[in-house]
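Listed below, chain by chain, are the residues.
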Amino acid sequence: MTQTSTQDTTVPTIKLLIQGEWVESTATEYRHVVNPATQQVLARVPLATRAEVDAAVAAAQKAFATWRDTPIGARMRIMLKYQELIRANSKRIAAILTAEQGKTLSDAEGDIFRGLEVVEHAASIGTLQQGGFAENVAAGVDTYTLQQPLGVCVGITPFNFPAMIPLWMFPMAIVCGNTFVLKPSEQDPMSTMELVKLAIEAGVPPGVLNVVHGAKDVVDALCTHPDVKAVSFVGSTAVGTHVYNLASAHGKRVQSMMGAKNHAVVLPDAHKEQTLNALVGASFGAAGQRCMATSVAVLVGAAREWVPDLIERARGLKVGAGAEPGTDVGPVVSAAARQRILGLIEAGVREGATLALDGREVSVPGYPDGNFIGPTVFTDVTTDMSIYTQEIFGPVLVVIGVDTLDEAIALVNRNPFGNGTGVFTQSGAAARKFQNEIDVGQVGINIPIPVPVPYFSFTGSRGSKLGDLGPYGKQVVQFYTQTKTVTARWFDDSTVNDGVNTTIALR
Ligand code: NAD
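Note that the structure is predicted; figures quoted are calculated from it, not measured.

This part covers the packing of aromatic side chains. Under the counting rule described, the total for this entry stands at 7 aromatic pairs. Ring pairs connect the aromatic residues Y82, F170 and F180, which therefore count as one cluster. Above the face of the Y30 ring, R44 is positioned so that its terminal group lies 3.7 Å from the ring centre. The ring centre of F161 lies 4.1 Å from the NZ or CZ of K103, which sits over that ring.

Rendered as structure tokens:
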């Protein structure tokens with residue numbers, strides 16, 4: 001379990017990055033970074049002081065003066081170098097990520113790869129950060145737009161994707177000409193820091209990217225800092241709502257990606273093998289700790305008869321340490337997370353759902369202390385139960401049966417979250433109806449985790465998002481830039497003298 005410690009110097013202390021220097025914090029409070037499979041303490045992370053937060057923002061503010069005018073080609077070339085370095089170091093960083101977060105090594109590589117794709121896309125900023133131009137909007141007058149960087153931007157990231165989510169944020173922000181202060185998850189900052197080191201190695205200048213560690217106090221200080229212009233947050237709904245409200249009230253542009261309850265709707269005409277494989281992979285992969293994990297299966301009509309096959313497949317997954325070959329389901333991130341998930345499983349039983357597959361007693365040879373929970377499936381679930389209303393964020397799938405596609409769509413649309421959903425069918429007409437009528441921001445058709453690639457944007461909606469523009473892709477270029485319109489007229493000696501005109505233009 002994550003613990004506080006002021007004395008323990010037997011493990012490495014994670015550094016801050018301020019003005020290009022790796023700084024030892026003068027913090028008085030620390031958290032342990034713990035291997036979730038073994039409870040081994042890997043490092044301690046400082047909760048940075050207010051002075052350190054101010055120093056990081058000041059460094060970013062100072063660097064902005066020159067970075068904003070650095071030619072776009074120079075910024076692009078740093079991203080080209082950066083993607084090469086990430087690729088070369090992916091396996092090494094994946095091992096660190098697995099040790100601190102718990103997911104399997106191949107999933108850790110996937111975590112890095114999905115972030116790497118954003119860096120690759122950042123290298124094409126030359127065509128993304130372009131303004132528009134309209135000639136002769138009035139006699140001799142042209143109007144054009146500039147997409148200008150904002151200044152100091154902040155990123156606050158969750159534990160579940162310590163590579164991908166930081167990489168959603170700072171590469172796009174800085175390639176647009178902004179400077180950045182990153183606040184990684186205090187639960188697993190080590191792999192994030194490896195990626196930050198590579199960004200510096202790729203040529204990101206001092207002060208353009210800074211890192212402070214911490215929890216609520218540091219986040220609040222960043223959200224209220226007068227020199228911060230924009231805040232990107234990814235994490236839970238409670239914290240994301242707080243960050244959105246606090247930073248907005250202090251005049252920042254904010255995007256907040258939050259919790260989820262993702263429904264997979266299965267029609268009886270779906271390809272059974274592919275669908276069951278997809279459901280099981282999306283529900284229990286990463287121990288269910290993905291914001292786009294399938295957490296509710298809505299089985300329509302005769303698809304309800306697939307429950308025994310679904311359970312058999314889930315039972316067949318191998319639970320173990322992420323670093324062990326063959327593991328399908330690693331531990332959850334902390335002992336506290338495990339207790340919270342077990343509490344919700346108990347609530348499900350208490351509230352009358354059928355615990356059709358019980359993962360609570362799983363044992364993993366060689367890892368007696370790991371935070372393991374095996375794949376768990378509930379049937380006979382109703383929408384008032386805590387296991388349906390709350391995000392479990394663990395390897396727990398709840399199954400609900402309905403009679404028709406209309407009923408399934410209504411059920412999904414009644415749920416307050418809007419991160420992701422999927423429909424499994426071989427009917428184009430049914431899929432098209434679903435995509436039109438479903439009120440969820442990211443829809444998969446026979447795709448269980450429909451996270452868009454970086455040339456699109458992440459488009460979670462409703463209760464899963466606050467703010468208008470999503471991470472990465474074209475939307476984030478809008479988010480990280482201010483559109484300025486310029487309306488211009490040039491005179492020479494042949495220009496007719498209009499005289500003084502006190503009316504607004506009539507044409
Ligand atoms: P979290 O909200 O606990 O933490 C996120 C960040 O906020 C961390 O950096 C943490 O230090 C900080 N924080 C924690 N408590 C705070 C407080 N009281 N005030 C200010 N800052 C605080 O989230 P988590 O547990 O790390 O991540 C899991 C959650 O993130 C899940 O709800 C998941 O659905 C969500 N998530 C959403 C997306 C998405 O794109 N919608 C993606 C990944 C994860």
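This part covers the sheet that holds strand β12 (residues 262–266). Taken in spatial order, the 7 strands line up as β14-β15-β16-β13-β12-β18-β19 in an open sheet, and their pairing is mixed. Only two strands of the sheet have a single partner each, and these edge strands are β14 (354–357) and β19 (443–445). Within the sheet, the average angular offset between the axes of one strand and its neighbour, ignoring direction, is 25 degrees. Sheet topology note: the β12/strand β13 (residues 294–300) ladder contains 5 bridges and is parallel.

A few words on the sheet that holds strand β5 (residues 133–138). Strand order in this open sheet of 3 strands is β5-β6-β22, and the pairing throughout is antiparallel. The outermost strands of the open sheet, each flanked by one partner alone, are β5 and β22 (481–489). Pairwise comparison of adjacent strand axes, ignoring direction, gives a mean angle of 30 degrees for this sheet. Sheet analysis places strand β6 (residues 141–149) next to β22, joined by 9 bridges and oriented antiparallel. Looking across to β22, one finds that D142 is bridged to A488.

This brings us to the site of the ligand. Near the ligand you find 28 residues, and of these T157, K183, E186, S236 and E391 are the closest. At 2.8 Å from an oxygen atom of the ligand is found a main-chain nitrogen or oxygen belonging to T157. In the model, an oxygen atom of the ligand is placed 2.8 Å from a nitrogen or oxygen of the K183 side chain. Bound to the protein, the ligand loses 87% of the 850 Å² it would expose on its own. Mapped onto the shell around the ligand, the elements with two or more residues apiece are α5 (164–175), α7 (216–224), β10 (228–234) and α8 (237–249). Looking at the shell around the ligand, its residues break down into 15 nonpolar, 9 polar and 4 charged. When residues of the shell around the ligand are assigned to domains, at least three map to each of domain 1 (16–258 + 458–485) and domain 2 (262–445).

The next thing to look at is helix α14 (residues 428–437). For α14, the full list of buried residues reads A430, A431 and F434. Along the axis of α14, the buried positions cluster into a sector of 100 degrees, meaning they face one direction only. Away from its buried face, by an angle of more than 90 degrees, α14 presents the exposed residues G428, A429, R432 and N436. Buried residues along α14 sit in contact with β12, α13 (405–414), β18 (421–424) and β19. Put simply, S427 is the residue that caps the front of α14, since its side-chain oxygen is 3.3 Å from the backbone nitrogen of A429.

Moving on to the packing of helix α2 (residues 72–101) against helix α6 (residues 190–201). For the pair α2 and α6, interaxial distance at closest approach is 8 Å and the crossing angle is 165 degrees. Relative to α6, the element α2 is oriented roughly antiparallel. Every pair of crossing elements has a handedness; the one defined by α2 and α6 is right-handed. Here α2 contributes Y82, L85, I86, N89, R92, I93, I96, L97 and E100 to the contact with α6, which in turn contributes M190, S191, T192, E194, L195, V196, L198, A199 and E201. Taken together, the residues of the contact of α2 with α6 sort by class into 11 nonpolar, 3 polar and 4 charged.

Before going further, it helps to examine the pairing of strand β7 (residues 152–156). Burial analysis of β7 places 5 of its 5 residues in the buried class, the great majority of the element. Across the two faces of β7 the burial is the same, with V152, V154 and I156 and C153 and G155 all buried. As judged from the 5 bridges shared by β7 and strand β8 (residues 179–183), these two strands associate in the parallel manner. In the strand pairing of β8, G155 is matched with L182. Crossover β7 to β8 through α5 is right-handed. Of the strand pairs in this sheet, β7 and β10 are connected by 5 bridges, and their pairing is parallel. Looking at β10, one finds that I156 is bridged to F233.

A separate point is the side chain of E186. Tracing the sequence through the fold places E186 in the loop between β8 and α6. Assessed through its relative accessible area of 18%, E186 is described here as buried. Among the polar contacts made by the side chain of E186, one reaches the side chain of K183 at a distance of 3.5 Å. Beyond its immediate stretch of four places on either side in the chain, E186 contacts R31, V33, V45, G214 and A215.

Residue position: V496 is located in the segment after β22. V496 sits in the exposed class, given a relative accessible area of 67%. Once the C-alpha coordinates of V496 and L195 are considered, the two residues, 301 residues apart in sequence, prove to be 60 Å apart.

With that settled, consider the UniProt feature "domain: Aldehyde dehydrogenase" (unreviewed entry) in the protein. According to UniProt, the feature "domain: Aldehyde dehydrogenase" (unreviewed entry) maps to residues 22–486 in the numbering used here. The span residues 22–486 is 40% helical and 21% strand by assignment, and the distance between its end C-alpha atoms comes to 41 Å.

Residues V265, V266, F378, V381, I387 and V399 are the most contacted members of the largest nonpolar core, which totals 66 residues. Counting residues per element, this core draws most heavily on strand β16 (residues 396–402), at 6 residues. If near-sequence neighbours (up to four positions away) are discounted, V266 is found in contact with T275, L279, V298, L299, V300, A303, W306 and F424. By size, the runner-up hydrophobic cluster in this structure holds 63 residues, among which are V45, F161, F170 and F180.

What follows concerns the pattern of salt bridges. In this structure the tally under the stated criterion is 23 salt bridges. One salt bridge connects K103 with D111, and the closest N-O pair in it is separated by 2.9 Å. Residues K103 and D111 agree in their burial class; the two are buried. A salt bridge links R462 to D439, with the shortest nitrogen-to-oxygen separation between them at 3.4 Å. Taken together, the positions of R462 in strand β20 (residues 461–462) and D439 in the loop between α14 and β19 put the pair 23 residues apart, joining distant regions of the chain. Assessed through its relative accessible area of 27%, R462 is described here as partly exposed.

Criteria and cut-off values
Residues numbered from 1 in each chain as written. Predicted model: local features only at pLDDT ≥ 70, side-chain atom pairs only at ≥ 80, totals over all residues. Heavy atoms only, no water. Phe/Tyr/Trp six-rings, centres within 6.5 Å; stacked < 30°, edge-to-face > 60°. Lys NZ or Arg CZ within 6 Å of the ring centre and 35° of its normal. Pairing = 2+ DSSP bridges. Helix = DSSP H or I, 4+ residues; strand = E, 2+ residues; numbered from the N terminus. Axes fitted to C-alpha atoms, helices over the stretch in contact; angles between N-to-C directions. Near = heavy atom within 4 Å. Polar contact = N/O pair within 3.5 Å; in protein donor to acceptor, adjacent residues only side chain to side chain. Areas by Shrake-Rupley, 256 points an atom, 1.4 Å probe, with all protein chains shown as cover. Nonpolar A, V, L, I, M, F, W, Y, C, P; charged D, E, K, R; others polar. Domains from an automatic or database assignment. Buried < 20%, exposed > 50% of the residue type's maximum accessible area, 1.4 Å probe, protein only. Arc of directions from axis to C-beta. Contact = heavy atoms within 4.5 Å. Parallel < 35°, antiparallel > 145°, perpendicular 65-115°, else oblique. Left-handed = near helix turned anticlockwise from the far one by under 90°. Right-handed = clockwise from strand over helix to strand, strands pointing away. UniProt positions renumbered as here; feature names shortened; annotations may be inferred. Core = buried A, V, L, I, M, F, W, Y, C linked by side-chain atoms within 4.5 Å. Salt bridge = Lys/Arg side-chain N within 4 Å of Asp/Glu carboxyl O.

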